[in-house]
Amino acid sequence: MKTQNEKRSTFSGKIGFVLSAAGASVGLGNIWRFPYLAAKYGGGIFLLIYIILALTFGYTMIMAETSIGRMTKKSPVGAFSFFGKTAPFKIGGWLNAVIPMLIVPYYSTIGGWVIKYLVAYLSGKVQVVAEDGYFSAFISDSWQAELWFIVFAALVFIIILGGVKNGVELMSRIMMPIL
């Protein structure tokens, strides 16, 4: 069990933190759904509104979460209870702790799809992947969908085992420029 005197793992510098925060903000939803939504709802105007909202609300929320975390050095539940013991603070803390757990299955499913398509693309099956019905056949095959879900979850687990510097930061330094 860790004692209070043990030093917590940290980022090696500002660029690692910024890339990791940007990667968390962008997320799979923006990569997967953004082109579809931009095309569906008017392209340019949707993009303009999206950028404005990302710069205002997104930036504000990241700064608030980072500030609260750095100031309290506690989990979301502990951080919110640091500011007050009333019900709204308790609920706010628990919401910040539980919501990511609710999002993980969704992200892992889509992450599995991305890994499946990446593997198919890298193995030269570009034409097959582009055919109508490929995606429907893929998600209809529960074994295949579950397999890629597990592959994605295992990759994420390995990154987390690497810790902040050798896991999250390293992958952010590699993946964010590729994005």
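Our structure's up above, just so we're on the same page.
Residues numbered from 1 in each chain as written. Predicted model: local features only at pLDDT ≥ 70, side-chain atom pairs only at ≥ 80, totals over all residues. Heavy atoms only, no water.

K.L.:
For the packing of aromatic side chains, give the residues involved together with the corresponding values.
P.N.:
Overall, the coordinates contain six aromatic pairs when judged by the stated rule. Here Y117 and Y134 contribute two aromatic rings whose centre-to-centre distance is 5.6 Å and whose plane-to-plane angle is 85°, an arrangement assigned as edge-to-face. With Y117 in helix α4 (residues 87-122) and Y134 in helix α6 (residues 134-140), the pair connects residues that are 17 residues apart, well separated along the chain. Overall, Y117 belongs to the partly exposed group, its relative accessible area being 24%. For Y134, a relative accessible area of 17% corresponds to the buried category. These aromatic residues form a ring-pair network of at least three members: W113, F135 and F138. In this structure, R70 is placed above the aromatic ring of F17, and the distance from its NZ or CZ to the ring centre is 5.3 Å. (Phe/Tyr/Trp six-rings, centres within 6.5 Å; stacked < 30°, edge-to-face > 60°. Helix = DSSP H or I, 4+ residues; strand = E, 2+ residues; numbered from the N terminus. Buried < 20%, exposed > 50% of the residue type's maximum accessible area, 1.4 Å probe, protein only. Lys NZ or Arg CZ within 6 Å of the ring centre and 35° of its normal.)

K.L.:
I'd love a proper account of the pattern of salt bridges, names of residues and values included.
P.N.:
For side chains bearing opposite charge, pairing can occur when the charged atoms are close. Summed over the entire model, instances satisfying the criterion amount to one salt bridge. Between E169 and R173 there is a salt bridge; the shortest N-O distance is 3.1 Å. Residue E169 and its partner R173 are both found in helix α8 (residues 163-178); the two are separated by four residues, about one turn of the helix. Exposure remark for E169: the relative accessible area of 2% places this residue in the buried category. (Salt bridge = Lys/Arg side-chain N within 4 Å of Asp/Glu carboxyl O.)

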